[in-house]
Amino acid sequence: MKNQQSSDMAICRIFFTLLWKLKESCEIVVFLTKYDRLYLSTGRIMLYTTHDIVCKSAKRYIHTVIFLRRPKKCRLIRNIRNSMQVTIGSGDKTVTIGGDSTYPFYSFDAPSENTPKIGVEISDMGLENVVSEGIKAYYDGASTIGEMAKKAAAMEGADFVALILEGGDPNGVNKSVDELIAVVKDVADSVDAPLVVEGCKNVEKDAELLPKVAEALQGRNVLILSEKEENYKAIGAAAGLAYDQIVGAESAVDINLAKQLNVVTTQLGVNAQKIVMNIGSAAAGYGYEYVVSTMDRIKGAALSQNDNMLQMPIITPVSAETWGVKEATASEADMPEWGSADERGID
């Protein structure tokens with residue numbers, strides 16, 4: 001502890017000496033650290049001694065000092081790394097995700113390249129497994145999945161439509177691949193909005209199903225969700241190489257697993273700019289807080305460390321987790337003290 005304090009004090013003296021010598025000739029002193037953090041000294045001498053700077057040696061962390069004599073007329077240009085951009089869809093109806101050079105909501109640091117996008121999910125099972133009465137009311141009158149897709153695309157604030165092929169699960173309804181492809185084609189013919197197609201979450205079935213989806217939607221530039229470690233060769237090669245679709249790479253809320261899947265997918269020959277990360281989600285157990293912290297770690301590694309295997313955009317389906325816990329699915333008759341079921345699902 002004493003050694004750390006001595007090191008801190010030594011580096012503090014370096015900062016104070018530098019600022020004291022220059023304070024009469026400079027109005028602003030700007031330090032850029034290797035972690036792209038920005039520190040200012042304005043008007044009077046101020047020193048920030050957080051441990052990301054005060055550690056080991058000043059030379060290791062401080063790599064640029066900029067002096068601005070007239071700050072109102074000077075513009076600071078920073079060398080900021082950008083994450084990759086991926087465009088989903090074709091023709092006039094496209095949506096672009098990624099491309100930012102800062103954390104979310106850090107607009108004071110740099111403008112956001114592409115704001116977060118929102119997709120509306122529909123299922124090949126229609127409204128059969130839907131709990132919310134509000135959702136049922138919105139799709140009232142839609143007799144086919146194609147008609148549901150039209151309503152989903154027209155929803156205010158919707159940027160894309162996500163079709164979930166949950167009926168293909170061998171442990172559930174176990175629809176055939178041909179049945180599911182017919183649904184996919186119906187949706188694609190009904191809307192021109194950008195499409196995301198998600199499998200049934202069964203590794204073996206998705207390895208058979210999703211390449212067929214990529215083939216059926218060739219030319220639409222859709223996002224195929226998702227390949228996993230167990231089936232990335234089948235899905236990644238078909239979607240990303242054979243049919244030039246966008247590949248969703250799904251991992252289990254872990255930065256190392258996410259990076260590893262991106263690495264092996266690019267080793268197949270898939271263009272890194274055709275990959276979108278699905279890092280996983282959790283409402284119970286890990287919880288959303290852990291998911292968000294994992295996203296922050298990925299973003300930090302992508303920008304600060306220039307890790308190009310973590311610079312892909314992130315898409316995270318959350319509704320399945322939200323509507324899969326008892327707090328959202330329990331009826332008002334069973335749990336009247338919990339209030340409205342619709343409000344619980346949204347909150």
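Residues numbered from 1 in each chain as written. Predicted model: local features only at pLDDT ≥ 70, side-chain atom pairs only at ≥ 80, totals over all residues. Heavy atoms only, no water.

*Asks:* I tried to follow the overall build of the protein chain on my own but got confused; where do I start?
*Replies:* Of regular secondary structure, the protein chain possesses twelve helices and eleven strands. A burial count over the protein chain gives 44% of its 347 residues as buried. A fraction of 64% describes how many contacts in the protein chain between residues 6 or more apart in sequence connect residues 24 or more apart. (Helix = DSSP H or I, 4+ residues; strand = E, 2+ residues; numbered from the N terminus. Buried < 20%, exposed > 50% of the residue type's maximum accessible area, 1.4 Å probe, protein only. Contact = heavy atoms within 4.5 Å.)

*Asks:* What is the right way to look at the pattern of salt bridges in this model?
*Replies:* Taken as a whole and judged by the stated rule, the model has six salt bridges. Taking the shortest distance from any N to any O, the salt bridge between D124 and K175 comes out at 3.0 Å. You can see D124 sitting in the loop between β6 (119–123) and α3 (133–138) and its partner K175 sitting in the loop between β7 (160–164) and α5 (177–190), a full 51 residues away along the chain. Residues D124 and K175 agree in their burial class; the two are buried. Between K201 and E198 there is a salt bridge whose closest N-O contact spans 2.6 Å. (Salt bridge = Lys/Arg side-chain N within 4 Å of Asp/Glu carboxyl O.)

*Asks:* What is the right way to look at the packing of aromatic side chains in this model?
*Replies:* The relative placement of two aromatic rings is captured by the distance of their centres and the angle of their planes. All told, the structure shown has one aromatic pair when counted by the stated rule. Summarising the aromatic geometry, the rings of Y138 and Y139 are spaced 5.1 Å apart at their centres and angled 85° between planes, so their arrangement reads as edge-to-face. By relative accessible area, which is 32% here, Y138 ends up partly exposed. The class of Y139 is buried, set by a relative accessible area of 4%. (Phe/Tyr/Trp six-rings, centres within 6.5 Å; stacked < 30°, edge-to-face > 60°.)

*Asks:* What exactly am I supposed to notice about the nonpolar core here?
*Replies:* Buried together is how nonpolar side chains tend to be arranged in soluble globular proteins. In this structure, I122, L163, L165, V187, V213 and I224 are the most contacted members of the largest nonpolar core, which totals 53 residues. Sort the elements by how many residues they give to this core and α5 lands first, with seven residues. For L163, the contacting residues outside a window of four places in its chain are I122, S123, D124, I145, V183, V184, V187, V196, V197 and E198. Counting twelve residues, the second largest nonpolar core, distinct from the first, contains V86, I88, L223 and L225. (Core = buried A, V, L, I, M, F, W, Y, C linked by side-chain atoms within 4.5 Å.)

*Asks:* Looking at this structure, I do not really get the sheet that holds strand β9 (residues 223–227). What am I missing?
*Replies:* What links the strands of a sheet is backbone hydrogen bonding, and the strands pair in either a parallel or an antiparallel sense. The six strands lie next to each other as β6-β7-β8-β9-β10-β11, forming an open sheet whose pairing is parallel. With one partner strand each, in any of the chains shown, β6 and β11 (275–278) form the two edges of the open sheet. Across the sheet, the axes of successive neighbouring strands diverge by a mean angle of 25°, strand direction being ignored. Relative to strand β8 (residues 195–198), β7 is paired through four bridges, and the arrangement is parallel. Following the sheet pairing, I164 is matched in β8 by E198. (Pairing = 2+ DSSP bridges. Axes fitted to C-alpha atoms, helices over the stretch in contact; angles between N-to-C directions.)

*Asks:* Where do I start with the pairing of β11 in this structure?
*Replies:* The two faces of a sheet get side chains in turn, since along a regular strand they alternate between them. Of the two faces of β11, the one lined by I275 and M277 and the one lined by V276 and N278 are each fully buried. Bridge analysis of strand β10 (residues 246–250) against β11 gives four bridges, and the strand direction is parallel. Within β11, the position partnered with A249 by the bridge is M277. Regarding the hand of the β-α-β motif, the stretch spanning β10, helix α8 (residues 255–267) and β11 is right-handed. (Right-handed = clockwise from strand over helix to strand, strands pointing away.)

*Asks:* Is there a simple way to explain the side chain of N202 in this structure?
*Replies:* By the element assignment, N202 lies in the loop between β8 and α6 (203–216). A distance of 3.2 Å separates a polar atom in the side chain of N202 from the backbone nitrogen of E204. When near neighbours in sequence (up to four residues on either side) are disregarded, N202 contacts D169, P170 and N171. (Polar contact = N/O pair within 3.5 Å; in protein donor to acceptor, adjacent residues only side chain to side chain.)

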